[in-house]
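Take a look at the letters that make up each chain.
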Amino acid sequence: MEKINLEAIQIAFDTLQNVKDTFSKKGWFPATSGNLSIRVKGTPLEKNQSIIAITSSGKDKSIRTPEDYILVKMDGSLVLPSNLKPSAETLIHTSIYQRIPNCQAVFHIHTIPNNLISELYADQGKVTFINHEIIKAFDIWKDNASITIPIVENYFSIPKLAEEISKVIQPEVPGVLIRNHGIYVWGDSDFTAKRHLEAFEFLFEYQMNMYFLKKFK
Ligand SMILES: CSCCC(=O)C(=O)COP(=O)(O)O
Ligand SMILES: [Zn+2]
């Protein structure tokens with residue numbers, strides 16, 4: 001059995017609970033969608049030895065239960081025997097931890113704005129935002145700042161989806177859109193991942209509103 005610090009597990013579960021409650025209040029987990037994870041063990045350099053705490057699959061994420069989180073290894077297997085099922089999208093989380101140096105938290109949500117933007121710009125495979133103050137939330141501090149987020153197709157096979165995501169993501173842009181599915185974001189802490197997610201959702205809502213304003217003016 002893996003040696004894991006019990007205190008680290010408790011901190012990770014408590015953190016995920018706070019994030020889950022906060023996102024749930026924003027309506028960011030419709031119809032049991034979405035999943036969250038935090039690295040519990042292993043430094044970013046020991047990518048394959050890492051252990052993450054991740055949300056269980058198919059739960060109503062607005063409700064707290066003792067079965068909400070589970071520990072998994074980088075191959076998606078459980079650290080301890082359990083009847084609980086980790087997120088069906090666990091392999092997307094583990095591939096992001098393995099691909100991105102310093103990744104400590106990965107959050108995934110489905111919203112109308114992120115789905116609409118992913119569909120509107122799917123043919124380009126990316127969407128760029130320029131000259132928004134909120135781009136500073138991605139630690140980009142310059143005039144005429146821009147950020148381009150990649151968009152991948154929504155494959156039914158999670159290993160295939162994880163592989164496609166792994167191919168397009170870059171450490172400098174902490175997110176990826178999946179067409180008509182949702183967004184994955186990450187950060188070097190849960191605080192940073194949350195900031196990135198809020199900034200992306202702000203940009204998507206802005207762009208969506210601007211699209212309709214221009215169409216009907
Ligand atoms: C009704 S949501 C379909 C699955 C999904 O996309 C998702 O984000 C939730 O999956 P999980 O297994 O993590 O609950
Ligand atoms: Zn999803």
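Please refer to the structure placed before this passage.
Scoring rules and cut-offs
- Residues numbered from 1 in each chain as written.
- Chains lettered and ligands numbered in written order.
- Predicted model: local features only at pLDDT ≥ 70, side-chain atom pairs only at ≥ 80, totals over all residues.
- Heavy atoms only, no water.
- Donors = N, O, S within 2.8 Å, 3.2 Å for Na, K, Ca; no water.
- Buried < 20%, exposed > 50% of the residue type's maximum accessible area, 1.4 Å probe, protein only.
- Pairing = 2+ DSSP bridges.
- Helix = DSSP H or I, 4+ residues; strand = E, 2+ residues; numbered from the N terminus.
- Axes fitted to C-alpha atoms, helices over the stretch in contact; angles between N-to-C directions.
- Contact = heavy atoms within 4.5 Å.
- Near = heavy atom within 4 Å.
- Polar contact = N/O pair within 3.5 Å; in protein donor to acceptor, adjacent residues only side chain to side chain.
- Areas by Shrake-Rupley, 256 points an atom, 1.4 Å probe, with all protein chains shown as cover.
- Nonpolar A, V, L, I, M, F, W, Y, C, P; charged D, E, K, R; others polar.
- 1 Å grid on protein atoms, 1.4 Å probe; cavity = no way out; pocket = protein on both sides within 12 Å on 5 of 7 lines; lining within 4 Å.
- Points joined across faces, edges and corners; volume = space filled by probe spheres on them.

Peer 1: Mind showing me how you'd approach the coordination of the zinc ion (ligand 2) here?
Peer 2: Geometry reference: four tetrahedral donors at a metal, ideal angle 109.5 degrees. Six octahedral donors, ideal angles 90 or 180 degrees. Each protein donor to the zinc ion (ligand 2) is listed here as His-108 (NE2), His-110 (NE2) and His-181 (NE2); together their distances run 2.1 to 2.2 Å. Overall, His-108 belongs to the buried group, its relative accessible area being 0%. The class of His-181 is buried, set by a relative accessible area of 8%.

Peer 1: Can you help me understand the sheet that holds strand E1 (residues 35-41) in this one?
Peer 2: Sheet strands pair via backbone hydrogen bonds, and the direction of the pair is either parallel or antiparallel. As summarised here, the arrangement of the eight strands in space is E3-E2-E1-E4-E8-E7-E6-E5, forming an open sheet in which the pairing is mixed. Edge strands, defined here as strands with exactly one partner in the open sheet, are strand E3 (69-73) and strand E5 (126-130). Across this sheet, the average inter-strand angle for adjacent strands is 20°, counted without regard to direction. When E5 meets strand E6 (residues 146-152), the two strands line up antiparallel, connected through five bridges. By the bridge assignment for E6, Ile-130 is matched with Ser-146. Of the strands in this sheet, E1, strand E2 (51-55), E3, strand E4 (105-109) and strand E8 (182-187) touch helix H2 (residues 90-99), which is tilted by about 45° from E1. On the sheet, helix H4 (residues 158-168) packs against E6 and strand E7 (175-178) and is oriented at approximately 155° with respect to E6.

Peer 1: What am I meant to see in the site of ligand 1 here?
Peer 2: Inspection of the region around ligand 1 gives 14 residues, with Ser-57, Gly-58, Ser-87, Ala-88 and Glu-89 positioned closest. One of the side-chain N or O atoms of Asn-35 is found 2.9 Å from an oxygen atom in ligand 1. At 2.8 Å from an oxygen atom of ligand 1 is found a side-chain nitrogen or oxygen belonging to Glu-89. When the free accessible area of ligand 1 is taken as 400 Å², the share hidden by the protein chains comes to 74%. Tallied by class, residues from the shell around ligand 1 come to two nonpolar, 10 polar and two charged.

Peer 1: Quick question: what am I supposed to make of the layout of surface pockets here?
Peer 2: Picture a little ball the size of a water molecule; that probe, rolled over the atoms, points out where space is still empty. Estimated volume of the largest pocket: approximately 220 Å³. Elements that contribute at least two residues to the lining of the largest pocket include exactly E8 and helix H5 (190-216). Per-element accounting of the lining of the largest pocket gives the leading share, three residues, to H5. A per-class count over the lining of the largest pocket returns eight nonpolar, four polar and four charged.

Peer 1: Mind showing me how you'd approach the side chain of His-181 here?
Peer 2: Considering the arrangement of structural elements, one finds His-181 in the loop between E7 and E8. A polar side-chain atom of His-181 sits 3.2 Å from a polar atom in the side chain of His-110. Among residues more than four places away in sequence, those in contact with His-181 are Glu-89, His-108, His-110, Asn-114, Asn-115, Asn-154 and Leu-161.

Peer 1: Help me understand the environment of Lys-73 in this model?
Peer 2: Along the polypeptide, Lys-73 turns up in strand E3. Spatially, the C-alpha atoms of Lys-73 and Gln-17 are 20 Å apart, while their sequence positions differ by 56 residues.

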